[in-house]
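Notes for the structure review
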Amino acid sequence: MGTVTQTARTQKEIDQLCINTIRTLAMDAVQQANSGHPGAPMALAPVAYTLWQQFLRFDPDDPIWPNRDRFVLSNGHASMLLYSLLYLAGVKAVNPKYEQLGELAVKMEDIKRFRQLGSKCPGHPEYRWTSGVETTTGPLGQGVSNSVGMAIASDWLAQHFNQPNFEMFNFKVYAFCGDGDMMEGISSEAASLAGHLQLKNLCWIYDNNHITIEGQTKLAFDEDVAARFAAYKWNVMHVTDANDTEALAQAFGKFAAGADRPTLIIVDTHIAYGAPHKQDTAAAHGEPLGEEEIRLTKKFYGWPEDAKFLVPDGVRENFAAGVGRRGKQAREAWMKLFEAYHAKYPELANRILQMQHRELPEGWDKNLPAFPADPKGIATRDSSAKVLNVVAQNIPWLIGGSADLAPSTKTLLKFDGAGEFEAGSYGGRNFHFGIREHAMGGVLNGLSLSKIRPYGSTFLIFSDYMREPIRLSAVMEVPVIYIFTHDSIGVGEDGPTHQPIEQLVALRAIPGLITLRPADANEVTEAWRVILQLSHEPAALVLTRQAVPTLDRSKYASAAGLAKGAYILADADGGKPELLLLATGSEVFLAVEAYELLKADGVRVRVVSMPSWEIFDHQPEEYRESVLPSGVTARISIEQASTMGWRRYVGPKGRTIGMHTFGASAPLKELQKKFGFVPERVVATAKELLGK
């Protein structure tokens, strides 16, 4: 193998020099941090280099141009592979306002401070923190499921924006994944969906190294991955040596030339390639190699053994001549095409711009329904359906579906032209995710990362199946909309397996997620108004199956108060209240019933509807005090869910009426009596609290 110091190099030698630079940067960064995963970057360096240098359509000077190819590192523990690529390719930084900063996204000092506070090279790639990182990966399987959403987005965008002689969208999506990704169930769900949809723009590259943290994969995993993906209707290719860059280029070229369905390229690799004592061992997976092992490995590479963080002359220039030049040409051609497109199709071009900046179109909130007072009322899932079918017509890129529950969650778009998104018919706005809640969440994140505004729906109890992608929506600050129905023991006869108890508080526990549980149809309208204006926060809209009365807003306060998270719905007549009743969702009407009974008994009561704790907590202190005056310590919360978290609002002297067990299988009215969600219980608790 040639040494680093030689002056005249062939292209093959330059390629090997670049590959070994990626490897040694990863080794040195992990060693200096005394933490990380050096083995996978060492193994995958030739695979990533070949993809980036010869095929990836990505401009380092503008890492967010809309039609770039996407590169996803689903095995995020191999993060130094990506950081090395970002540094060597000279990827520029972009701020949250989509402004280019003119500086590198990853600097050498970031690599030297890998996994340290403030470094742009955290332990796992983080979207919005490091430019060039397309999605936050770490929990295995999430990245590949995001990649399915990105591939769907490419097809959907092409269907809606491409015109004769104007191919505005045709980007491809590449995702690196490992044995851990293959074992996680979400990957199977996502791959099954991608195969069904025939996403020909999607390519997964499987790092087949047979090693996990505990040792050889044969301890727990010996299936025929190729046969599994063939059964999913994927194209499957196999490269038996990760160092064979010609075979890799042939495989990538075959995919790039035009596939008829998703592609899996299985690449046989050696974890920690070149390390004399740690190659092909679990020791190279999650810990530094050690100084002596690094010296010996560098000797094997023909590298100066004592050099650290060395980037030889010609390496960055070679990246600039490869991915840099090709990406710049592709972006400039696209920008020129976009100018002509804007002149010929100004409305479509403006939509692209609005989507890229997460803006709403003019008139997005026109014709929002207002619901008349009705004691029988309507289920909030049904009122949400009415609102959704209005706003979706106003916002053409609001699209989504459910995990096989659209008839129950009421999330089907029914207006003319909405259509179904299916294989070979990629323009529809109704998605059918199948019974794959976990993958649905990951796909929604991929759609949102592609600047589409997605929603997905299922029963609240099944939010547990998709908690990780919900959490990652919040980590990434992407405005995914999660619609959860069947929100309480109101599910009735389905019983405790389907009656959510702890799910509300679990959603509220996720930092950055806005959870809204509206009380009636008009609060639903206002909830959608709030949700659609979010640009960096995901939202969970929690809705009832059963009908709830539509409150008379001429008698009680306007539902517009929802915008502040909590508001005074009904107040004491004259003077300061002596009791506060706090409730969300369907229990707000129960609080109103108790309010009327207590009021008739001369008790000064205030009812506070609290649809969103998060929004309320972000209001100024003066507003929060005006709604929940600290001088009023007699407080009762009412919610058909776990009482955890309510103590912060009712205080040490207050009471919580909620669920302390799982539910039961019975008609709703019987359940309400059994668990105490009746006006008499609220009144009795109030009088006990007040000593009356």
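You'll find the structure just up there.
So, here's what we can say about the structure. Fair warning: this is a prediction, and the values are worked out from it, not measured in the lab.

All right, on to the overall build of the protein chain then. Of the regular secondary structure elements, the protein chain holds 24 helices and 22 strands. C-alpha extents for the protein chain along the principal axes are approximately 95 × 60 × 45 Å. Burial status across the protein chain gives 62% buried among its 692 residues. Considering only intrachain contacts with a sequence separation of at least 6, the fraction spanning at least 24 residues in the protein chain is 76%. Carbon together with sulfur atoms contributes 50% to the accessible area of the protein chain, which is approximately 26,000 Å² in total.

Here we come to the nonpolar core. W204 and Y341 are the most contacted members of the largest nonpolar core, which totals 109 residues. The element best represented in this core is helix α5 (residues 142–161), accounting for ten residues. Residues in contact with Y341, not counting those within four places in the same chain, are F161, Q163, F166, M168, P346, L348, A349 and I352. Counting 74 residues, the second-largest nonpolar core is a separate cluster that includes F55, V133, V239 and W303.

Summarising the element assignment, A321 is placed in helix α11 (residues 315–344). Taking C-alpha positions, A321 is 66 Å from S630, a pair spaced 309 residues apart along the chain.

This next bit is on the packing of helix α1 (residues 11–33) against helix α10 (residues 291–301). Two elements in contact, α1 and α10, have axes separated by 11 Å at closest approach and are oriented at 175°. Considering the angle they form, α1 stands roughly antiparallel to α10. Contact residues: N20, R23, T24, M27, D28 and Q31 in α1; E291, I294, T297, K298 and Y301 in α10.

If a residue is not glycine, its phi is most likely negative; likewise, a peptide bond is most likely trans. The backbone of Q198 shows a phi angle near 55°, a positive value even though the residue is not glycine. Tracing the backbone through its elements, the reader meets Q198 in the loop between α7 (185–197) and β5 (202–208). The phi dihedral of D404 falls on the positive side, at around 70°, and the residue is not glycine. Mapped onto the elements of the fold, D404 is located in the loop between β11 (398–402) and α14 (406–409).

Evaluated as defined, the whole model comprises 30 salt bridges. Of the charged contacts, one joins K92 and D61 as a salt bridge, the two residues approaching to 2.9 Å between their closest N and O atoms. In this pair, K92 is assigned in strand β2 (residues 92–94) and D61 in the loop between α2 (39–54) and β1 (70–73), connecting sequence segments 31 residues apart. Among the residues examined, D61 registers a relative accessible area of 31% and is labelled partly exposed. Between R648 and D617 there is a salt bridge; the shortest N-O distance is 2.6 Å. Of this pair, R648 sits in helix α22 (residues 647–650) while D617 sits in helix α20 (residues 613–617), and the two are 31 residues apart along the sequence.

To continue, consider the packing of α1 against α2. Following both chains from N to C, one finds α1 and α2 inclined at 140°, their axes separated by 9 Å at the closest point. In terms of orientation, α1 and α2 fall into the oblique class. In this structure, α1 crosses over α2, and the sense of that crossing is right-handed. For the pair α1 and α2, the contacting residues are Q11, D15, C18, I19, I22, R23, A26 and M27 in the first and P41, M42, A45, P46 and Y49 in the second. For the contact of α1 with α2, the per-class residue count stands at ten nonpolar, one polar and two charged.

Next up on the list: the sheet that holds β5. Pairing within the open sheet is parallel, and its five strands lie in the order β1-β4-β5-β9-β8. Here the strands that pair on one side only, and so sit at the sheet edges, are β1 and β8 (235–239). For this sheet, the mean angle separating the axes of adjacent strands, direction not counted, is 15°. In terms of strand pairing, β8 meets strand β9 (residues 263–268) through five bridges, oriented parallel. Among the inter-strand pairings, H238 is bridged to a residue of β9, identified as I266. The sheet strands contacting helix α9 (residues 245–256) are β4 (173–177), β5, β8 and β9, and the helix crosses β8 at an angle near 165°.

Within the structure shown, the criterion is met by 33 aromatic pairs. Measuring from ring centre to ring centre gives 5.9 Å for F161 and F169, while their planes differ by 55°; the resulting arrangement is tilted. When the ring of F229 is compared with that of Y232, the centres are 5.4 Å apart and the planes differ by 80°; the resulting orientation is edge-to-face. In terms of burial, F229 and Y232 fall into one category: buried. Feature note: the residues W65, F161, F166, F169, W334, F338, Y341 and Y345 constitute an aromatic cluster, connected by ring pairs. In this structure, R508 packs its charged tip against the face of W613, placed 3.9 Å from the ring centre.

Okay, the pairing of β8 next. Of the two faces of β8, the one lined by N235, M237 and V239 is fully buried and the one lined by V236 and H238 carries no buried residue. Regarding topology, α9 serves as the crossover connection from β8 to the parallel β9, and that connection is right-handed.

Bringing the pairing of strand β20 (residues 605–609) into the picture now. Here β20 lies mainly inside the structure; five of its five residues are buried. Looking at chain direction, strand β18 (residues 567–570) and β20 are connected through three bridges and run antiparallel. Its bridge partner lying in β20, I568 is registered against V608. In the sheet, strand β19 (residues 579–583) pairs with β20 via five bridges, with the strands oriented parallel. Paired with L581 across the two strands is V607, which belongs to β20. Traced from β19 through helix α19 (residues 587–600) to β20, the parallel crossover comes out right-handed.

Here is what the cut-offs are and how they apply
Residues numbered from 1 in each chain as written. Predicted model: local features only at pLDDT ≥ 70, side-chain atom pairs only at ≥ 80, totals over all residues. Heavy atoms only, no water. Helix = DSSP H or I, 4+ residues; strand = E, 2+ residues; numbered from the N terminus. Buried < 20%, exposed > 50% of the residue type's maximum accessible area, 1.4 Å probe, protein only. Contact = heavy atoms within 4.5 Å. Areas by Shrake-Rupley, 256 points an atom, 1.4 Å probe, with all protein chains shown as cover. Core = buried A, V, L, I, M, F, W, Y, C linked by side-chain atoms within 4.5 Å. Axes fitted to C-alpha atoms, helices over the stretch in contact; angles between N-to-C directions. Parallel < 35°, antiparallel > 145°, perpendicular 65-115°, else oblique. Salt bridge = Lys/Arg side-chain N within 4 Å of Asp/Glu carboxyl O. Left-handed = near helix turned anticlockwise from the far one by under 90°. Nonpolar A, V, L, I, M, F, W, Y, C, P; charged D, E, K, R; others polar. Pairing = 2+ DSSP bridges. Phe/Tyr/Trp six-rings, centres within 6.5 Å; stacked < 30°, edge-to-face > 60°. Lys NZ or Arg CZ within 6 Å of the ring centre and 35° of its normal. Right-handed = clockwise from strand over helix to strand, strands pointing away.

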